[in-house]
Amino acid sequence: MNIFDELKERGLVFQTTDEEALRKALEEGSISYYTGYDPTADSLHLGHLVAILTSRRLQLAGHKPYVLVGGATGLIGDPSFKDAERSLQTKDTVDGWVGKIQGQLSRFLDFENGDNKAVMVNNYDWFGSVSFIDFLRDVGKYFTVNYMMSKESVKKRIETGISYTEFAYQIMQGYDFYELNNKYNVTLQIGGSDQWGNMTAGTELLRRKADKTGHVVTVPLITDSTGKKFGKSEGNAVWLDADKTSPYEMYQFWLNVMDADAVRFLKIFTFLTLEEIEDIRVQFEAAPHERLAQKTLAREVVTLVHGQEAYNQALNITEQLFAGNIKGLSVKELKQGLRGVPNYQVKSDDNLNIVELLVTAGVVTSKRQAREDVQNGAIYVNGDRIQDLNYVLSDQDKLENELTVIRRGKKKYFVVTY
């Protein structure tokens, strides 16, 4: 199957400038393409993964990727579909974020081998030395204000107000395409659907300034079956940085994907063949309670993002916590698996029995409830059931002298730290 047709089959093509011309170009030989990432934080998140993996698919098909991290555009801020202007960051901050994001991107593409090995670029390399006058004369003259205002990303901000800084962003992104075409013969840009206006500014500049044709493909904004923006978990992004979103948390995210989305996400986020995914679909629909599609998603994506060892650890944490086997996990693993659960810091003069501790730590709201839970066998300390109302935590309950895990019922965990 032609790579373009495979991308369509996987649901990865949202818009193109000229579908037939692009399909022909991809069939006739290796082309050079780029995807841009602005450093708006110190990590990319799950929303970026769609474009990253699409870029990898094209490289595996023999095409050459250029990976642009926007050290210059990151200083300006993209207005696309934002309700308000971004806060401008210092150059030192942006430079730091550029380095971290380049490190993340380097894990997903092959930068070492073959004629089509990936190349990392930073648009500050060409914007840093261009003068404002030269940019207006050599680039700005090719854009009319009417053309720039017609972009949906700009239209949405006209009523509330848009600065000239953000208004000019599309010209900067357009110039990236021109510069990469001029230096490396890049003819295709890949990006999210919210970038359509900025990306076609590049094809317009190529056409008007160099009389050349460039191609654009946007990948869709991924939403779940309810229409909720994908990758958002209770208002927080799922980050690709393990320190911001642990492999265990990412594993749980995929494991909890709704049945209606699981097979579709296998096509988008994994490198399993379409035939393999079809086999999984048949098995999954025959026994959805076994969650084969979600488990496969979790395995494939966590391994892809964090590696086999991190996946194995996330799976082990999941299985041990489900079984209530606290002592089967290290403190490091417990901290990953129980990140975000309620925490109580023991004070030096505490000498609380289990009933008093449950109330003080906020596990229950009253001593009456605490006594009932203990007597009914609903309270566990490090996986061991405690039914003695006078039980007091001792040194042997301190796992690696750092924490104690209290469980109420089957799933409600609480952490006591020292």
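These numbers come from a predicted model, not from an experiment.

Novice: Looking at this structure, I do not really get the overall build of the protein. What am I missing?
Specialist: Helix and strand counts for the protein come out as 19 helices and 13 strands. Partitioning the contacts of the protein with sequence separation of at least 6, the portion at a separation of at least 24 is 71%. Surface accessibility of the protein: about 20,300 Å² in total, with carbon and sulfur atoms responsible for 47%.

Novice: I tried to follow the environment of methionine 199 on my own but got confused; where do I start?
Specialist: Its place among the elements puts methionine 199 in helix α11 (residues 196-210). When its relative accessible area of 0% is taken as the criterion, methionine 199 is described as buried. Methionine 199 sits 26 residues away from glutamine 173 along the chain, and the two C-alpha atoms are 6.9 Å apart. Ignoring any residue separated from it by four or fewer positions in sequence, one finds methionine 199 in contact with Gln173, Phe177, Gln189, Ile190, Gly191, Gly192, Val216, Val217 and Thr218.

Novice: Help me understand the packing of helix α13 (residues 259-269) against helix α15 (residues 292-306) in this model?
Specialist: For any two helices packed against each other, one specifies the crossing angle of their axes together with the interaxial distance. One can describe the packing of α13 onto α15 by two numbers: an axis separation of 9 Å at closest approach and a directional angle of 35 degrees. Where α13 crosses over α15, the two elements pack in a sense that is left-handed. Side by side, α13 and α15 meet where Asp259, Ala262, Val263, Phe265, Leu266 and Phe269 of the first sit next to Ala293, Gln294, Thr296, Leu297, Val301 and Leu304 of the second. For the contact of α13 with α15, a count of residues per class yields nine nonpolar, two polar and one charged.

Novice: Is there a simple way to think about the nonpolar core in this case?
Specialist: Across soluble globular proteins, nonpolar side chains show a tendency to be buried alongside one another. Leu49, Trp254 and Phe269 are the most contacted members of the largest nonpolar core, which totals 74 residues. Ranked by size, the runner-up nonpolar core spans 26 residues in total, among them Trp126, Val139, Leu206 and Val216.

Novice: I keep staring at the sheet that holds strand β2 (residues 32-37) and nothing clicks. Help me out?
Specialist: Within the open sheet, the six strands sit side by side as β1-β6-β5-β2-β3-β4. Their pairing is mixed. Edge positions in the sheet fall to β1 (15-16) and β4 (119-122), since each of these pairs with one other strand and no more. Summarising the sheet, strand β3 (residues 64-69) and β4 pair through four bridges and their orientation is parallel. Within β4, the residue paired with leucine 68 across the bridge is valine 121. Contacting β2, β3, β5 (186-192) and β6 (215-219), helix α3 (residues 46-60) crosses the sheet at an angle of about 165 degrees to β2. Contacts from α11 reach β1, β5 and β6, with the element oriented near 170 degrees to β6.

Novice: Sorry, what's going on with the sheet that holds strand β11 (residues 384-385) here?
Specialist: The strands that make up a sheet are held in pairs by hydrogen bonds between backbone atoms, and each pair lies either parallel or antiparallel. A sheet is described by the order of its strands in space; here five strands give the open sequence β9-β13-β12-β10-β11, paired in mixed fashion. Because the sheet does not close on itself, it has two edges, and the strands there are β9 (343-345) and β11. Summarising the sheet, strand β10 (residues 379-381) and strand β12 (residues 403-408) pair through three bridges and their orientation is antiparallel. Along β12, the bridge assignment pairs tyrosine 380 with arginine 407.

Novice: What is the right way to look at a nonpolar patch on the surface in this model?
Specialist: There is a patch of nonpolar side chains on the surface, built from Phe132, Leu136 and Tyr164 and spanning about 340 Å² of accessible area. With respect to the helices and strands, the residue tyrosine 164 is situated in helix α9 (residues 164-167).

Novice: Looking at this structure, how should I read the pattern of salt bridges?
Specialist: Between side chains of opposite charge, a pair can form when the charged atoms approach closely. Going through the model one piece at a time under the given rule, you end up with 23 salt bridges. Here glutamate 19 and arginine 23 are joined by a salt bridge, their closest N and O atoms 3.4 Å apart. Residue glutamate 19 and its partner arginine 23 are located together in helix α2 (residues 19-28), separated by four residues, close to a single helical turn. The salt bridge partner of lysine 91 is aspartate 95, with a shortest N-O separation of 2.8 Å. Here aspartate 95 and lysine 91 lie together in helix α4 (residues 91-105), a separation of four residues that amounts to about one turn. Here the salt bridges do not stand alone but share partners, grouping Asp5, Lys8, Glu19, Glu20 and Arg23 into one network.

Reading the values: the criteria
Residues numbered from 1 in each chain as written. Predicted model: local features only at pLDDT ≥ 70, side-chain atom pairs only at ≥ 80, totals over all residues. Heavy atoms only, no water. Helix = DSSP H or I, 4+ residues; strand = E, 2+ residues; numbered from the N terminus. Contact = heavy atoms within 4.5 Å. Areas by Shrake-Rupley, 256 points an atom, 1.4 Å probe, with all protein chains shown as cover. Buried < 20%, exposed > 50% of the residue type's maximum accessible area, 1.4 Å probe, protein only. Axes fitted to C-alpha atoms, helices over the stretch in contact; angles between N-to-C directions. Left-handed = near helix turned anticlockwise from the far one by under 90°. Nonpolar A, V, L, I, M, F, W, Y, C, P; charged D, E, K, R; others polar. Core = buried A, V, L, I, M, F, W, Y, C linked by side-chain atoms within 4.5 Å. Pairing = 2+ DSSP bridges. Patch = residues over 30% accessible without salt bridge, like charges linked within 9 Å, V, L, I, M, F, W, Y side chains within 5 Å. Salt bridge = Lys/Arg side-chain N within 4 Å of Asp/Glu carboxyl O.

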